[in-house]
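Secondary and tertiary structure notes
Chain by chain, the residues:
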Amino acid sequence: MADGNEMTINLVVIGRTRTGKSAAGNSLLGSSDFEIHRSPSSVTTCCSLGRSCRISGIIRRNGCELALRVRVLDTPSYPHSALSKEQVRHTVSSALAHHFGEEGLHLALLVLRADLPLCPDESDHTIQFIQELLGPTWKDFTAVLLTHADKAEEAGFSEEAYLHSASSTLLSLLSSVQHKYIFLDNQKSIIKEERAIVLRKLLNFIRQNNYQVLLLKRSKE
């Protein structure tokens, strides 16, 4: 993870169609690596790895500033308009093992829309899918990324008010992952300062987990 004066963090974005998963990945990378456009069907059909340039001014360790590199794996949505659950799971598992098999995964980012309610069935299916991908310690390596926070703000919700009004399903999920969540404003996420705030929060989650990584093996199926 850390090599001299540089640190690399490995992330994967997981979520349903139209949650802004690929756009969130682009925001974290500060690029447009992942394809995003409106479509009547799921846009992402295979996994794709994006890499950021060296980012300075984000992290210091032992009194020294480290350059940060971010690697993000974009994944097909689940449920998917063209792929079965088994196809999505096999595709994502294989890509995780291929790209992060040696260095390990720092965080899986479960992408949800802040402007849409999370229903119990949706939550159950999503959690089961992540458990199948990451295994029994999934809670330690999962954070929730709430996209379209700008729309929730336009509706008059601050972050505190939003959580106060959120469904018990969402609050239970956030509790499961030790309240590792970030609101992502789709209007501001491409701004350098906003991106730095999000990256610092992610690094804080990783630090709270003692910089551990999840080692993933290729599926035998």
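Everything numeric in this text was worked out from a predicted model, so none of it was measured. (Residues numbered from 1 in each chain as written. Predicted model: local features only at pLDDT ≥ 70, side-chain atom pairs only at ≥ 80, totals over all residues. Heavy atoms only, no water.)

When you go through the protein residue by residue, the secondary structure sums to seven helices and eight strands. The dimensions of the protein, computed from C-alpha atoms along their principal axes, are 45 × 45 × 30 Å. Expressed as a percentage of its 221 residues, the buried residues of the protein come to 51%. In the protein, 76% of the contacts between residues at least 6 apart in sequence involve partners at least 24 apart. (Helix = DSSP H or I, 4+ residues; strand = E, 2+ residues; numbered from the N terminus. Buried < 20%, exposed > 50% of the residue type's maximum accessible area, 1.4 Å probe, protein only. Contact = heavy atoms within 4.5 Å.)

What follows concerns the pattern of salt bridges. Summed over the entire model, instances satisfying the criterion amount to eight salt bridges. Residues E6 and R54 are paired through a salt bridge, measuring 2.4 Å at the closest nitrogen-oxygen approach. Taken together, the positions of E6 in strand 2 (residues 6-15) and R54 in the loop between strand 3 (48-51) and strand 4 (55-61) put the pair 48 residues apart, joining distant regions of the chain. Judged by its relative accessible area of 18%, E6 is buried. The exposure class assigned to R54 is partly exposed, which follows from its relative accessible area of 45%. For the salt bridge of E122 with R16, the shortest nitrogen-to-oxygen distance reads 3.6 Å. Here R16 lies in the loop between strand 2 and helix 1 (21-29) and E122 lies in helix 3 (residues 120-134), a separation of 106 residues in the sequence. Through salt bridges with shared partners, a single network forms among E6, R54 and R69. (Salt bridge = Lys/Arg side-chain N within 4 Å of Asp/Glu carboxyl O.)

Turning our attention to the environment of D185. The topology assignment puts D185 in the loop between strand 8 (181-183) and helix 7 (192-208). Classification of D185 by relative accessible area gives buried; the value is 14%. In the structure, D185 is positioned 169 residues away from R16 in sequence and 18 Å away in space, judged by C-alpha atoms. Aside from chain neighbours lying at most four places away, what touches D185 is A149, D150 and E153.

Summarising the sheet, strand 4 and strand 5 (residues 64-74) pair through four bridges and their orientation is antiparallel. Bridging from a neighbouring strand, I59 pairs with L66 of strand 5. Linking strand 4 to strand 5, which pair antiparallel, is a turn of two residues; within it N62 sits at a positive phi near 55°. (Pairing = 2+ DSSP bridges.)

This part covers the packing of helix 1 against helix 7. Contact pair helix 1 / helix 7: the axes reach a minimum separation of 9 Å and the direction vectors enclose 95°. With respect to helix 7, the element helix 1 is oriented roughly perpendicular. Residues S27, L28 and L29 of helix 1 touch helix 7, and the partners they reach there are R195, V198, L199 and L202. Partitioned by chemical class, the residues of the contact of helix 1 with helix 7 number five nonpolar, one polar and one charged. (Axes fitted to C-alpha atoms, helices over the stretch in contact; angles between N-to-C directions. Parallel < 35°, antiparallel > 145°, perpendicular 65-115°, else oblique. Nonpolar A, V, L, I, M, F, W, Y, C, P; charged D, E, K, R; others polar.)

Turning our eyes to something else, we now look at unusual backbone geometry. Residue N210 is not a glycine yet carries a positive backbone phi of 60°. Among the secondary structure elements, N210 is positioned in the segment after helix 7. Positive phi is not limited to glycine here, since Y211 has a value of about 60°. Here Y211 lies in the segment after helix 7. Residue class for Y211 comes out partly exposed when judged on its relative accessible area of 21%.

In this section: the packing of aromatic side chains. The geometry of two aromatic rings is summed up by the distance between their centres and the angle between their planes. Evaluation of the coordinates by the stated rule reveals four aromatic pairs. Between the aromatic rings of F157 and Y162, the centroid separation amounts to 6.5 Å while the plane-to-plane angle is 90°, which identifies the pairing as edge-to-face. What makes F157 partly exposed here is its relative accessible area of 35%. Members of the aromatic cluster, each reached through a chain of ring pairs, are F157, Y162, Y181 and F183. (Phe/Tyr/Trp six-rings, centres within 6.5 Å; stacked < 30°, edge-to-face > 60°.)

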